[in-house]
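Each chain, written out:
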Amino acid sequence: MHKFVACCSTVPSRVARLQWSVDSLLSQTNRVERLYVHYPWHCDRLNQPYPYPPDWMQNDARIKVVRCDDFGPATKFLPALDEFDRGDSIALVLFDDDRVIPLGWIEPMLDLFEQLGGASAVGRHGTLRHSRPFSFSQYYSGKPGNFVKVSYMSTSWIAIYPRCALPASATLARQHIRSFDPESRTNDDMMLSSFCHISGTARHLLATSKSQREEWEQRNPESDDEVSLAQTPVQVKNQVKLYLRLLRAGAAPLPRIELLALLGAVISLAITVGIALTE
């Protein structure tokens, strides 16, 4: 059995909203032994100080506030790398500060993690399916209990990573991140996938039913707020650049299915054009 600990971070304007996310997680499972709120002193991206940690963070025995530096999106998990050793049987349950988790969402993920022997990461939402080309930012809608291997997972929908899949320390992780993404602002999920790629850790999406997806949308009807990185005009461009840097260095999975599908489309187009020209 593994010890499950949850980790998150936030920005100053979302501190109150974070309570909804935390409550929605802790209220539905007792298997998450501790929840770590990685709480910087100052938000560098927004140039804002954090308010003093509110009472709800400090009065719950299952919550631990960890004051730390601001590492951008990676603040969600970096401090935990120094809190827990790679040799520990620890699973990090990572989630976002602006999402409310539906009842019954988490336990099946914890079950699958244990089913896979704690050697694979588990999520609900991800990208680059190995079985279907050009499948970006999607759920897996297979039969209940089924799962599929993917390249990336999104922590916005919760993701569970074995501690052993990640670098030995926050310093080593930051060195890796900064060598590819100097500002550490592009994509924490991409970096988590890179760590798993390097450590040989598989990533799997658990099947999510239509009713579960609909419930998620009902609980989280709002789009990204004004301080979300997703609202940054160059965010997608930066993510593509980051992926290409990682790929060239062998630090990211090569999307073979996508490349084969693209090559097939080019060959098919060439054949079609050639036939047309000869008629």
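The structure reproduced in this document is the subject of the present report. Remember, predicted model here, so these are calculated numbers, not experimental data.

**Section: the overall build of the protein**
From N to C terminus, the protein includes nine helices and twelve strands. When the 279 residues of the protein are sorted by exposure, 52% land in the buried category. Restricting the contact set of the protein to residue pairs at least 6 apart, pairs at least 24 apart contribute 78%. A total accessible area of about 13,400 Å² is found for the protein, and carbon and sulfur atoms account for 55% of it.

**What about the packing of helix α5 (residues 170-180) against helix α6 (residues 188-199)?**
Running from amino to carboxyl end, α5 crosses α6 at an angle of 115°, the nearest separation of the two axes being 11 Å. Here α5 is positioned roughly perpendicular relative to α6, judged by the angle of their axes. Between α5 and α6 lies a crossing of right-handed hand. Taking contact as the criterion, the partners of Ala-173, His-176, Ile-177 and Phe-180 in α5 are, on α6, Met-191, Ser-194, Phe-195 and Ile-198.

**Examining unusual backbone geometry**
A positive phi angle is found at Asn-47, which is not glycine, with a value near 55°. With respect to the helices and strands, the residue Asn-47 is situated in the loop between β3 (42-43) and β4 (48-49). Note on Asn-47: relative accessible area 59%, which makes it exposed. The residue Ile-158 is not glycine, and still its phi comes out positive at about 80°. Take Ile-158: it is sitting in the loop between β10 (147-153) and β11 (159-162).

Rules of the game
- Residues numbered from 1 in each chain as written.
- Predicted model: local features only at pLDDT ≥ 70, side-chain atom pairs only at ≥ 80, totals over all residues.
- Heavy atoms only, no water.
- Helix = DSSP H or I, 4+ residues; strand = E, 2+ residues; numbered from the N terminus.
- Buried < 20%, exposed > 50% of the residue type's maximum accessible area, 1.4 Å probe, protein only.
- Contact = heavy atoms within 4.5 Å.
- Areas by Shrake-Rupley, 256 points an atom, 1.4 Å probe, with all protein chains shown as cover.
- Axes fitted to C-alpha atoms, helices over the stretch in contact; angles between N-to-C directions.
- Parallel < 35°, antiparallel > 145°, perpendicular 65-115°, else oblique.
- Left-handed = near helix turned anticlockwise from the far one by under 90°.

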